[in-house]
Amino acid sequence: MSPPPPINLTVIRQGGNQSSPLLYGIMFEEMDHSGDGGIHGNLLINNGFQGADPNLTGYKAIGSVEISESPEHPLSAAIKSTLSVSVRADAKGFVGFANTGYNGIPVMNATYTTSFYMCGDYTGHVMIRLVGSESGIVYAARNISVRSTSKRFQLHEATFDARASLVAENEWQVLFDAGKARGHPLRFGLVQLFPPTFNDRVNGLRKDIAQPVADLKPSFLRFPGGNNLEGLTIDSRWKWNETIGQLIDRPGRPSDWHYPNTDALGLDEYLYWCEDMGMEPLLSVWDGKSYGRIVSGDEMQPYLQDILDELEYLLGPNTTHYGSLRAKNGHSEPWTIRYIEIGNEDDYSGGCDTYPDRLVQTYDTIHGVYPNITLIADNIEEWCLPENPLPGLWHDYHYYRSADDLVKMFNLWDNQPRDSPILVGEYGCREDKSPEGVFFSTMKMACGEAVHMIGLERNSDVVRMAAYAPLLQHFGYTQWSPTLLGFDSHPNSLTLSTSYYVQRMFSTNRGNTVHPVHSSAPFDPVYWVATSNATAYQIKLANYGSQNQTLNIRVPGVGRGHLEMLSGPRDVANLPHNVSIEPVVSEVKSGKFGFPVEVPSWGVAVLVVIVSGAE
């Protein structure tokens, strides 16, 4: 087969449209243990015995002791169960218990912070260790002196330096003198172990996982879901007021993904996440729909008031009831909330009969107090929306498609009315042949996403925000895949997908103006979009085909540039612990016919050309 002729592209300075500065963001919900056991820093599983049936998951006895879950001895009104440790008569030396984490504990060359509550008569040393579960190698140890009584729980905290383990099979141990503890049980609650956190936040994000998320330079965070907002029942919905304040006061909840949520990653933590990564918060509020029951009409009133209470907590001055609570919890100034989505996927889960009523009630309630907040409907379907459009309302559209179908949707937004803004709150490539998904996207899948993203960017005057989903997965607990990046407890387990690299290439090379492009060939198999800002032009390219393609790209009034290229075999993916495809950056020079660019089959590229005189 002869090679295809070169494609000539000429970027036109005049004309075009403005590009949304918020276009590329992220969506997060607790699933795949992406929060608990993932980006949230605590490495210990089942640490508050939350959920419907917590049992002893993650715990084991060390030495001649008996351990049990003890609901008879709650730590607080929220943390209703603790660990009871009873020393047997034959016990000698130091004994205790271990927590084995989320399929192990990652042990790095780092300083760890640990804490636990303890109750029971004991005066002496308590030894805290990180130990290989199979090897017995001690990677870190710290002795602390305690004077514990059976009258109340006391908090104990410590830090220690660890040396790296080469395996995932590690555990956190608490040991005490058997002779001093024999005859009366000791009880432990809300155990925690944190590696270094992003921006050194207390109760923060794991730095090693948060950093590649920050490297995406996302413009917004949509939270707390997603399905995880809604609840399997009304009572198990995400309740903002049970995710704030001290962890000892957060009861957690059964999640929609069938494991307990600790809610240690709560409302304020989401907003600190936004603050630390420079993201716009996109808050979703519960709209009356759970997976067990839907409320509407007059039944909505207490839940509408709950939304107003949440917004007072977020936006109210310190003189208000909930604003003062926010200040007490550590954030004296109001948060900034400019975007709120009302519900999640009513069109996919049987909510459309009542969503128009619930949407109007929620819209009126929020705008009655906060008229400048942009409100977003959770779907785009006419049959699922009010007959009379609501002023200023945006619409959210979610879709997961095969690579071929995403490419067919390339021009989906070309004819969208320009006064009807869109949030693409969730999208991504899933291959139908794998109902449970695959761990990560192949090069073809990532290229299909890139084609679709070029379509989004060409229309980013109306598609204001878009987020690939889901964001994260713990490989040992995968319920939905692919995701952008994954990890487990093995060292160096962080695995970035081909989709991750496409997102990073596009998000970190943004313009504020979308330019017309004259071309010598139509779209397919090569797709492109050209943008610019004050310092550079950005030309994004995707070759959704089996032949290499040559392009000559003319950009007006420019100097030097560089090319970032992601390419690989069509059906190859980056797999857990095995990254084979990464982008490559090279310098490029303009020739007689412009900048020559060779895009391999199933390749994605970004050409960045610095405007003459720009630094």
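Up top you'll find the structure we're talking about.
An account of the accompanying structure is given in this report. Note that the coordinates shown come from a computational prediction; the quantities given were computed from them, not determined experimentally.

A look at the overall build of the chain
Line of reasoning, step 1. For the chain, the helix and strand inventory stands at 10 helices and 34 strands.
Line of reasoning, step 2. The globule rule puts the C-alpha radius of gyration for 615 residues at 25 Å, and the 27 Å found for the chain is close to it.
Line of reasoning, step 3. Referenced to the eigenvectors of the C-alpha coordinate spread, the extents of the chain come out at roughly 85 × 60 × 50 Å.
Line of reasoning, step 4. Burial status across the chain gives 60% buried among its 615 residues.
Line of reasoning, step 5. A fraction of 74% describes how many contacts in the chain between residues 6 or more apart in sequence connect residues 24 or more apart.

Focus on the nonpolar core
Line of reasoning, step 1. Membership of the largest hydrophobic core comes to 104 residues, with the highest contact counts inside it found for I39, L267, W273 and F506.
Line of reasoning, step 2. Residue contributions to this core peak at 9 residues, all from helix α9 (residues 443-458).
Line of reasoning, step 3. Every residue in contact with L267, bar those within four places of it in the chain, is listed here: F223, W238, W240, T243, I244, L283, E310, Y313 and L314.
Line of reasoning, step 4. One finds L83, A91, F160 and V191 within the second-largest nonpolar core, a separate group that totals 38 residues.

A word on the side chain of T495
Line of reasoning, step 1. Secondary-structure assignment places T495 in strand β25 (residues 495-496).
Line of reasoning, step 2. Taking relative accessible area as the criterion, T495 reaches 0% and is therefore assigned buried.
Line of reasoning, step 3. Reaching out from T495, the side chain makes a polar contact with the backbone oxygen of S493 at a distance of 2.8 Å.
Line of reasoning, step 4. Contacts of T495, omitting those with residues within four sequence positions, involve F440, F475, L484, L485, G486, N574, L575, P576, H577 and V579.

Here's the deal with the pattern of salt bridges
Line of reasoning, step 1. Under the defined criterion, the tally for this structure stands at 22 salt bridges.
Line of reasoning, step 2. D404 serves as the salt-bridge partner of K444, at 3.7 Å between the closest nitrogen and oxygen. Pair noted here: K444 is in helix α9 and D404 is in helix α8 (residues 403-408), with a separation of 40 residues, a long-range link.
Line of reasoning, step 3. On the basis of relative accessible area, K444 is assigned to the buried category, the value being 17%.
Line of reasoning, step 4. Residue D404 is classed as partly exposed on the basis of its relative accessible area, which comes to 38%.
Line of reasoning, step 5. Salt bridges sharing common partners tie together R222, E341, D396 and E426.

Describing the sheet that holds strand β27 (residues 517-519)
Line of reasoning, step 1. The 4 strands lie next to each other as β27-β1-β30-β33, forming an open sheet whose pairing is mixed. If you trace the sheet from one side to the other, it starts and ends with β27 and β33 (595-599), each paired once. Between one strand and the next, the sheet's axes are offset by a mean angle of 25°, whatever the strand orientation.
Line of reasoning, step 2. Taken together, the 5 bridges between strand β30 (residues 549-554) and β33 define a ladder with antiparallel strand orientation. Opposite I553, over in β33, you have F595 as the bridge partner.

Some words on the state of the cysteines
Line of reasoning, step 1. This model, assessed by the stated rule, comprises 1 disulfide.
Line of reasoning, step 2. The residue that forms a disulfide with C352 is C384, at a sulfur-sulfur distance of 2.0 Å. Measuring handedness by torsion sign, the sulfur bridge of C352 and C384 sits at about -95° and is left-handed. Note that C352 is positioned in the loop between β18 (339-342) and α7 (355-369) and C384 in the loop between β19 (374-377) and β20 (394-401), a separation of 32 residues in sequence. For the pair C352 and C384, a shared accessibility class is recorded, and that class is buried.

Cut-offs and rules
Residues numbered from 1 in each chain as written. Predicted model: local features only at pLDDT ≥ 70, side-chain atom pairs only at ≥ 80, totals over all residues. Heavy atoms only, no water. Helix = DSSP H or I, 4+ residues; strand = E, 2+ residues; numbered from the N terminus. Rg over C-alpha atoms; globule rule 2.2 N^0.38 Å. Buried < 20%, exposed > 50% of the residue type's maximum accessible area, 1.4 Å probe, protein only. Contact = heavy atoms within 4.5 Å. Core = buried A, V, L, I, M, F, W, Y, C linked by side-chain atoms within 4.5 Å. Polar contact = N/O pair within 3.5 Å; in protein donor to acceptor, adjacent residues only side chain to side chain. Salt bridge = Lys/Arg side-chain N within 4 Å of Asp/Glu carboxyl O. Pairing = 2+ DSSP bridges. Axes fitted to C-alpha atoms, helices over the stretch in contact; angles between N-to-C directions. Disulfide = S-S within 2.5 Å.

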